[in-house]
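What follows is the residue order along each chain.
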Amino acid sequence: MVDNRNPSPFSAILVIGSVNIDLVIQAERIPGPGENVMGSGFRTVPGGKGSNQAVAVSRMGGTARFCGCVGPDDFGRELLKSLAAAGVDTKLLRVSPEEGTGTAVIVVDEVTGESTIVVQRGANGRMTPDDVARAFEASPDAACVLLQLETTDEVVRAAVRGAVKRGIPAVVDAGPARGVPLSCFEGAAILSPNSFEAKALTGIEVVDSESAIRCAKRIRQAGVENCVFHMGERGAMIVDEKDAAIEVPAFVVKAVDTTAAGDSFMGALVVGMVEGMTLPEAVRMANAAGALACTKLGAQPSIPTRDEVNRMLSGK
Ligand code: RIB
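Residues numbered from 1 in each chain as written. Predicted model: local features only at pLDDT ≥ 70, side-chain atom pairs only at ≥ 80, totals over all residues. Heavy atoms only, no water.

J.: I would appreciate a short explanation of the site of the ligand in the present structure.
T.: Not every one of the 14 residues close to the ligand is listed here, only the nearest: Asp22, Gly48, Lys49, Glu150 and Asp263. A distance of 3.0 Å separates an oxygen atom of the ligand from a polar atom in the side chain of Asn52. Contact between the ligand and Asp263: an oxygen atom at 2.7 Å from a side-chain N or O atom of the residue. Residue assignment for the shell around the ligand shows that the elements contributing at least two residues are β2 (20-27), α1 (49-59) and β7 (115-120). By residue class, the composition of the shell around the ligand is 5 nonpolar, 5 polar and 4 charged. (Near = heavy atom within 4 Å. Polar contact = N/O pair within 3.5 Å; in protein donor to acceptor, adjacent residues only side chain to side chain. Helix = DSSP H or I, 4+ residues; strand = E, 2+ residues; numbered from the N terminus. Nonpolar A, V, L, I, M, F, W, Y, C, P; charged D, E, K, R; others polar.)

Dropping the structure here:
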């Protein structure tokens, strides 16, 4: 079990990952293959798992530094502005001349709030291990590194290795669901998949504590310390290095849009860890942040502040 009761003397949380413009439309239901349905309320919204998580860190009161790549276009300029407006340090955000800014097409079910997302990586795919090396060089104050899988395997591997070399925890959000070699995560403190992502990484369907432990064992063979599974409406399940499964229940809300719930969760989780909470304490706070993100439409506009999260934690 990660025990972070001694607060780190370092303060910054280095988020290495993707940044996208989200093209969002609400629909009466998510269309099946080959089906056309009517939609409404089209909008463009700042998103991308990496930048959402950086915004989440900042709104939770952490010092967020974001390392990512946009294209030389209006979307990229807009994203840079919105990250800065959210208090994120953007000095490591590079403009890649080769490709446009990443985009995501998102359909939100207006009844259940569930979202489906298709991402075109664009400039996010132009990030390199050199960008990661520069980010570590520019971050002697980093207490923790947070990353996701929307860039490339080489970037993920370099970020985890960089954190291990520095002796700080690497926390990996396993989204989106894709088959990344588990060796990329060697030395990570936490890997955090939902059920689709766990299946894509290990072939194991995580539905309960037994399957979560089986899946975590496979992931830990690759050198990861702890797994934190997103279990949807049930909340989260921690499986620690002693194979103990700890269920942390969800907060119940009426979902309007689930987009960025996972990102709000991850941002809150690392802030809790850096502040010295135990892993179950940090996961409880993360569950509250994830639940609150479901109550508003859009990725970054829905990410809650620390005050909102504290109110939910205290039952107000
Ligand atoms: O996690 C939600 C995010 O996934 C969206 O903002 C979208 O850009 C995709 O990266």
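J.: Any chance you could explain the nonpolar core here in plain terms?
T.: Grouped together as the largest cluster of nonpolar side chains are 50 residues, with contacts concentrated most on Val171, Leu269 and Val283. Broken down by element, this core gets its largest block of residues, 9 residues, from helix α8 (residues 279-293). Counting residues in each nonpolar core, the second largest holds 45 residues, with Ala135, Val172, Ala198 and Ala212 among its members. (Core = buried A, V, L, I, M, F, W, Y, C linked by side-chain atoms within 4.5 Å. Buried < 20%, exposed > 50% of the residue type's maximum accessible area, 1.4 Å probe, protein only.)

J.: Even after reading the chapter, I still don't get the pairing of strand β13 (residues 245-249), so can you show me in this structure?
T.: The side chains of a regular strand alternate between the sheet's two faces. Here strand β12 (residues 235-239) runs beside β13; their pairing, made up of 5 bridges, is antiparallel. Of the residues in β13, the one forming a bridge with Ile238 is Ile246. The loop that links β12 with its antiparallel partner β13 comprises 5 residues; one of these, Asp243, has a positive phi angle of about 65°. (Pairing = 2+ DSSP bridges.)

J.: Hey, could you run me through the sheet that holds β12 in this one?
T.: Pairing between sheet strands relies on hydrogen bonds along the backbone, with the strands arranged either parallel or antiparallel. Read across the open sheet, the 9 strands follow the order β5-β4-β1-β8-β9-β10-β11-β12-β13; overall the sheet is mixed. Across the chains shown, the open sheet's two edge strands, defined by having one partner strand only, are β5 (89-95) and β13. When strand polarity is set aside, the average angle formed by the axes of neighbouring strands in this sheet is 15°. In this structure, strand β8 (residues 142-147) lies alongside strand β9 (residues 170-173), joined through 3 bridges in parallel fashion. Across the sheet, Leu147 pairs through a bridge with Val172, a residue of β9. Here α1 sits on the sheet and contacts β1 (12-16), β4 (63-70), β8 and β9; the angle it forms with β4, its principal contact strand, is near 165°. Packed onto the sheet, helix α6 (residues 209-221) meets β10 (190-192), β11 (226-230), β12 and β13 and runs at close to 135° relative to β11. (Axes fitted to C-alpha atoms, helices over the stretch in contact; angles between N-to-C directions. Contact = heavy atoms within 4.5 Å.)

J.: How should the pattern of salt bridges be read in this particular structure?
T.: If the charged atoms of two oppositely charged side chains come close together, the side chains can form a pair. In this structure the tally under the stated criterion is 17 salt bridges. Arg29 is paired through a salt bridge with Glu35; the nearest N and O atoms lie 2.2 Å apart. A relative accessible area of 30% means that Glu35 is categorised as partly exposed. The residue Asp74 makes a salt bridge to Arg77 at a minimum N-O spacing of 2.8 Å. Of this pair, Asp74 and Arg77 both sit in helix α2 (residues 74-85), 3 residues apart, which is roughly one turn of the helix. Classification of Asp74 by relative accessible area gives exposed; the value is 58%. Judged by relative accessible area, Arg77 falls into the partly exposed class, the value being 47%. Put simply, Arg65, Asp89, Lys91 and Asp141 are held in one network by salt bridges that share partners. (Salt bridge = Lys/Arg side-chain N within 4 Å of Asp/Glu carboxyl O.)

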